Amino acid sequence: PRLADVVPGVERDSALIGPAAWSAYLRFDHTHPVTGNVELRRALAHAIDREALAAACPANLVVATGGVVPPALQGHSPDIALPYDPDRARWHLERSGFTGSLELAGSSVWDDILDTVTAGWREVFGDRIDVSTWSWPEDEALQPTERLLSANLRITGWLPGYADPEYFLRLLFQSTSRTNEGGFADPDLDKLIERAVQERSDRGRLELFHEADRYAIAERVALIPLVYGRSTAFVSPRVEGWWEFGKSSASFADLQVGPRD
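What you see is a predicted model, and the numbers here were worked out from it, not measured in a lab. (Residues numbered from 1 in each chain as written. Predicted model: local features only at pLDDT ≥ 70, side-chain atom pairs only at ≥ 80, totals over all residues. Heavy atoms only, no water.)

Visitor: Please clarify how the overall build of the protein should be interpreted in this entry.
Guide: Looking only at helices and strands, one finds nine helices and eight strands in the protein. A burial count over the protein gives 50% of its 261 residues as buried. When contacts within the protein are restricted to residue pairs at least 6 apart in sequence, those whose partners lie at least 24 apart make up 72%. (Helix = DSSP H or I, 4+ residues; strand = E, 2+ residues; numbered from the N terminus. Buried < 20%, exposed > 50% of the residue type's maximum accessible area, 1.4 Å probe, protein only. Contact = heavy atoms within 4.5 Å.)

Structure representation (structure tokens):
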């Protein structure tokens, strides 16, 4: 069964759910003439109904109202995502000059989220939204197909390899980063991130990363945060000490396994 079926919005006694340590978001191809348009990106961001999104989330997902850095990491910036405002969304769409249709792509594991987002967009913009999904058996997980590579607007995510905001902001947005798959490039953000990386004061470093998160998400809409993910584990009652964080594996050295009943 899907995780959404196992933990449908409530935490069961058997579920050990960790902090929200990774982010899922709408990723844009910034080299594409449609999704490279910041006014269009602002329009789409203002048309995300996060209350409706919350109703579609299983227990391991938390609706993202902040930046791309998730709540479990220092450097998380709360409440900076552009608010739901249909009138402002339509105003930005008109300013963008875009009159065509949009296709939102994503894996079928995100079906509930995709349906909620596109339903909200259709309510705000009319019936000009299409959805393209794929399933893991077809996939794309090991060798991305041309269909996936050509999608200029899709849902994806990022898990921290280490617990630091740099792992999100530098690797996703700095123009020279090899993992900047959306191709976002902004000289001001590059300079800001470089200042944060070079800063030796912990407080000053975090302040600069907060500023970078606000600039990338609230001003330039480099991506649209949708949900933060929490690691979830189902373990036997006789197992204690299991933990996970982002990409890191569970700490088996901390496990305590009691005798069988």
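Visitor: So what exactly am I meant to see when it comes to empty space enclosed by the protein here?
Guide: With a probe scaled to a water molecule rolled over the atoms, the places where space remains empty come into view. Evaluated as defined, the whole model comprises three cavities of 30 Å³ or more. Here the largest cavity is characterised by a volume of approximately 100 Å³. Along its surface, the largest cavity is lined by 13 residues, and Arg27, Leu172, Phe173, Gly182 and Leu223 are the ones closest to its centre. Going through the elements one at a time, β1 (15-28) and α7 (166-173) are the ones with two or more residues in the lining of the largest cavity. Considering every element that reaches the lining of the largest cavity, the biggest residue donor is β1, with three residues. Residues belonging to the lining of the largest cavity are distributed by class as follows: seven nonpolar, four polar and two charged. Taken as a whole, the second largest cavity spans an internal volume of roughly 40 Å³. Lining the second largest cavity, in full, are Leu40, Leu44, Leu93, Phe98, Gly100, Leu102, Phe125, Arg128 and Ile129. Of the residues that constitute the lining of the second largest cavity, the class distribution is seven nonpolar, one polar and one charged. (1 Å grid on protein atoms, 1.4 Å probe; cavity = no way out; pocket = protein on both sides within 12 Å on 5 of 7 lines; lining within 4 Å. Points joined across faces, edges and corners; volume = space filled by probe spheres on them. Nonpolar A, V, L, I, M, F, W, Y, C, P; charged D, E, K, R; others polar.)

Visitor: I would appreciate a short explanation of the side chain of Asp164 in the present structure.
Guide: Looking at the secondary structure, you find Asp164 in the loop between β5 (153-158) and α7. Taking relative accessible area as the criterion, Asp164 reaches 16% and is therefore assigned buried. Dropping the residues within four chain positions of it, Asp164 is found in contact with Leu73, Arg205 and Phe209.

Visitor: Even after reading the chapter, I still don't get the nonpolar core, so can you show me in this structure?
Guide: In summary, soluble globular proteins display a tendency toward joint burial of nonpolar side chains. The biggest cluster of nonpolar side chains holds 35 residues, and the ones touching the most others in it are Leu26 and Trp121. Only β1, α2 (38-46), β2 (61-63), α4 (86-96), β3 (102-107), α5 (111-125), β5 and β6 (223-234) provide two or more residues apiece to this core. Residue contributions to this core peak at six residues, all from α5. When sequence neighbours within four positions are dropped, the list of residues in contact with Trp121 reads Leu26, Leu44, Ala47, Ile48, Leu104, Gly126, Ile129 and Leu153. Membership of the second largest hydrophobic core comes to 25 residues, among which are Val69, Leu169, Tyr215 and Ala222. (Core = buried A, V, L, I, M, F, W, Y, C linked by side-chain atoms within 4.5 Å.)

Visitor: Can you walk me through the packing of α7 against helix α9 (residues 202-219) in this structure?
Guide: How two helices sit against one another is set out by the angle between their axes and by the gap between those axes. One way to put it is that α7 packs onto α9 with a least axis distance of 10 Å and a crossing angle of 45 degrees. As judged from the angle between their axes, α7 and α9 are oblique. In terms of crossing hand, the pair formed by α7 and α9 is left-handed. Here Glu166, Leu169 and Phe173 of α7 lie close against α9, whose contacting residues are Arg205, Phe209, Ala212, Asp213, Ala216 and Ile217. (Axes fitted to C-alpha atoms, helices over the stretch in contact; angles between N-to-C directions. Parallel < 35°, antiparallel > 145°, perpendicular 65-115°, else oblique. Left-handed = near helix turned anticlockwise from the far one by under 90°.)

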